[in-house]
Amino acid sequence: MSQYAPFIKPYIEYNQDGWGPCEVPELEVPYQPFCKSDRLGKISDWMVPVQEKKYTNKYASTFGNNNSHYAYFHEDDDATFHLVDGSNLKDLKPYQRNRYRPNQRNNMRAHGRLGRGNAASGGGAGGMGGAGQGASNKYGKGRDMRRGHMGRRFMRNAPVRLRESSVVVRSDWVSVEEIDFPRLLKLSLPHIKEGTDVVTCGTLEYYDKQCDRINVKKERPLQKIDRIINVPGTIDDPVIRRLSKSMGNVFATDDIIATLMCCTRSVYSWDVVIEKLGTKIFLDKRDNAQFDLLTVNETSLEPPQDEDGFINSPQSLSLEATLINHNFSQQVLKIGEQEPKHKFEEPNPFETPGVEFASVAYRYKQWQLGDDVVLLVRCKHNGVIKTPSGELQFLSIKALNEWDSKAANSVEWRQKLDSQRGAVLASELRNNACKLAKWTVEAVLADSDQLKLGYVSRVNRKDHLRHVILGMQQFKPQEFATQINLNMDNAWGVLRCLIDIVMKQPDGKYLIMKDPNKPMIRLYEIPENAFDSDGNDDEETSDDKPFAKSMGN
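The numbering scheme is per chain: residues are counted from 1 as the chain's sequence reads. For this predicted model, a pLDDT threshold of at least 70 governs which residues receive local features, and a threshold of 80 or more governs which side-chain atom pairs are given and counted, while totals over whole chains, interfaces and linings are taken from all residues. With hydrogens and water set aside, each side-chain value is computed from the structure's full complement of heavy atoms.

> Would you take a moment to explain the pairing of strand S13 (residues 467-475) for this structure?
Every other side chain in a regular strand lies on the same face of the sheet, so the side chains alternate between the two faces. Relative accessibility thresholds used throughout: buried, under 20% of the residue-type maximum; exposed, over 50%; partly exposed, between the two (1.4 Å probe, protein chains only). Where helices and strands are cited, they refer to DSSP runs of H or I of at least four residues and of E of at least two residues respectively, numbered from the N terminus. A large share of S13 lies buried, amounting to eight of its nine residues. By the convention used here, strands pair only if DSSP detects at least 2 bridges between them. By the bridge criterion, two bridges tie strand S3 (residues 220-221) to S13 in an arrangement that is antiparallel. Along S13, the bridge assignment pairs Pro 221 with Val 468. Bridge count between strand S12 (residues 450-458) and S13: eight bridges; the pairing is antiparallel. Bridged to Arg 458 within S13 is His 467.

Written out as structure tokens, the structure is:
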């Protein structure tokens, strides 16, 4: 055996606690979150004289542009530096002009479709009619088809638009779990009984039945209602604090529960803060966050992509839709001191003396989810109506808004709403599937008898301050959930899955975030003071302040 070379076994480190090396050297290198799908770009590109306007954030990071650890800042002034374009642009010679034109000489099918076939088919209507139809197809339809094919060919390599996350992930956050949407879609928790009322509070105004007669020909201007809608979080609710001492172990509001139940339909990023104290879990939202703003065309094939500051940017449209819902939900009610009102057992816990609040009532309901999991949720109603038989029915009032049908790739409401309302609703279900699903879940949780949907459009597509009401439509929440293919068993299963994951974790503060560019949600363990001195939220909403001021005027 001495004729063979000796084999020395290498030393291999085994990490029992996780994946990777056992010891990491301490290097003074700044940390910046990254994603494998980010485009790195080029070091220097001298062939692009003008910056691309269509894909401005082509090389943007998945976690936002707030991280500037590796940004390069040049101290010298290069204002006098000019780049000279030395390329020699020459016109094509006569024999080169048709070089790139597709050869249609041997394309007999194209000749038959564009030439003799159309003339022969139109011969029955007269010689001139047949010739006109053939010419129209030759220079109209064929050209549009060629343009369509070229558009699809060049759009195939278009860069994917990267969306920013709702909150910047920091280096001291610990990733606990990642769940993709295909796994969530397979979950189911059937046979959940209806919730029972624990506390009811607030005052509701009656619905004005004259609003059901609004149509396109009898449109009604949308008015500004100077009323305050207070939407505090879970922990700031005094009723939930009082009830948490004696009942329930999972506490939340209806909009948070609806967001979690419909998370598989969401596209934009959102986040929910979780406080775990022993066997109790509080689901809450961050302060100064955009959680309460409604999304516009979130699930559309071509969502709004304008830059911030324009009236059709995603942030501006969200603020516009939120204000429309606030004003619409109050305008369709009978407002006045002499008008009758329906009062619940307790007054509104958020009222302030001397301030006029909107018509809203709260139901604190609890559900038994099995395995000693008791869910307590604050639900709400927007109005009440009395049937001819004298029965009271509670309403959830929402509004869909039209901003630009051409830019949104939707149907024109003023042309189709009265004659083809189903086509308008189908278009909204395609473009706003997540928003409509969350509204339906909120109505089902609150046990509302009717879901009133209003259609509100701009007076002029370039004016985001004036709107008109074009119509009303009502549904029963359970039937509407079936119509939009919303499975409540799956919704309860998704919620129960997230609750079980959090229940297994130690006490502390957590955050559930929807990934901005992937169909998955992530669970992070965050420090207790993660958002106490956070100035990023104010910076994110500072761009919307001028727009908010203009909407208020």
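Following the structure, the description resumes.
> Whenever I open this one, the pattern of salt bridges confuses me. Can you help?
Any two side chains of opposite charge can pair if their charged atoms end up close together. Salt-bridge detection follows one rule: a side-chain nitrogen of Lys or Arg within 4 Å of a carboxyl oxygen of Asp or Glu. Enumeration over the complete set of coordinates arrives at 22 salt bridges. Here Arg 461 makes a salt bridge to Asp 404, at a shortest N to O gap of 3.4 Å. Placement of the pair is Arg 461 in the loop between S12 and S13 and Asp 404 in the loop between strand S11 (392-402) and helix H8 (413-416), with a sequence separation of 57 residues. Relative accessible area serves as the criterion here: at 9%, Asp 404 is assigned to the buried category. A salt bridge links Asp 515 to Arg 522; the shortest N-O distance between them is 2.8 Å. Arg 522 carries the same exposure label as Asp 515, and that label is buried. Among the charged side chains, a salt-bridge network with shared partners connects Glu 205, Arg 227, Lys 341 and Glu 356.

> Help me understand empty space enclosed by the protein in this model?
One simple way to see leftover space: roll a probe sized like a water molecule over the atoms. Lining residues are defined by having an atom within 4 Å of a point belonging to a cavity or pocket. Those points lie on a 1 Å grid over the protein atoms alone, cavities being sets where a 1.4 Å probe fits but cannot get out and pockets being open sets with protein on both sides within 12 Å along at least five of seven lines. Grid points are joined across faces, edges and corners, and a volume is the space filled by probe spheres set on the points. For the coordinates displayed, the defined rule picks out seven cavities of 30 Å³ or more. Here the largest cavity defines a volume of roughly 100 Å³. Asn 297, Asn 401, Glu 402, Trp 403 and Glu 428 are the residues nearest the centre of the largest cavity, which is lined by 15 residues in total. For the lining of the largest cavity, the elements supplying multiple residues, two or more each, are S11 and helix H9 (421-431). Here the lining of the largest cavity gets three residues from one element, more than from any other, and that element is S11. Think of it as three bins: nonpolar holds Ala, Val, Leu, Ile, Met, Phe, Trp, Tyr, Cys and Pro, charged holds Asp, Glu, Lys and Arg, and polar takes everything else, Gly as well. For the lining of the largest cavity, the residue count by class is five nonpolar, six polar and four charged. Roughly 60 Å³ of volume is contained in the second largest cavity. Together, Glu 177, Ile 179, Leu 498, Ile 501, Val 502, Ile 512, Ile 521, Arg 522 and Leu 523 line the second largest cavity.

> Is there a simple way to think about the packing of aromatic side chains in this case?
The relation between two aromatic rings is expressed through the spacing of the ring centres and the mutual angle of the planes. Here the aromatic set is Phe, Tyr and Trp, taking the six-membered ring for Trp, and pairing holds for ring centres within 6.5 Å; pairs whose planes are under 30 degrees apart are stacked, those over 60 apart are edge-to-face, and all others are tilted. Taken as a whole and judged by the stated rule, the model has eight aromatic pairs. Ring centres of Trp 413 and Tyr 455 lie 5.4 Å apart, and the angle between their planes is 85°; this geometry places the pair in the edge-to-face category. Of the two residues, Trp 413 sits in helix H8 while Tyr 455 sits in strand S12, which places them 42 residues apart along the sequence. Accessibility assignment for this pair places Trp 413 and Tyr 455 in one class, buried. Following the ring pairs from residue to residue traces out a cluster consisting of Trp 173, Tyr 524 and Phe 531. Should the NZ of a Lys or the CZ of an Arg lie within 6 Å of a ring centre and within 35 degrees of the ring normal, that charge is described as sitting over the ring. Across the ring face of Phe 531, the terminal group of Arg 286 is positioned such that the distance to the ring centre comes to 5.4 Å. Over the face of the ring belonging to Phe 394 we find Arg 363, whose NZ or CZ atom lies 4.9 Å from the ring centre.

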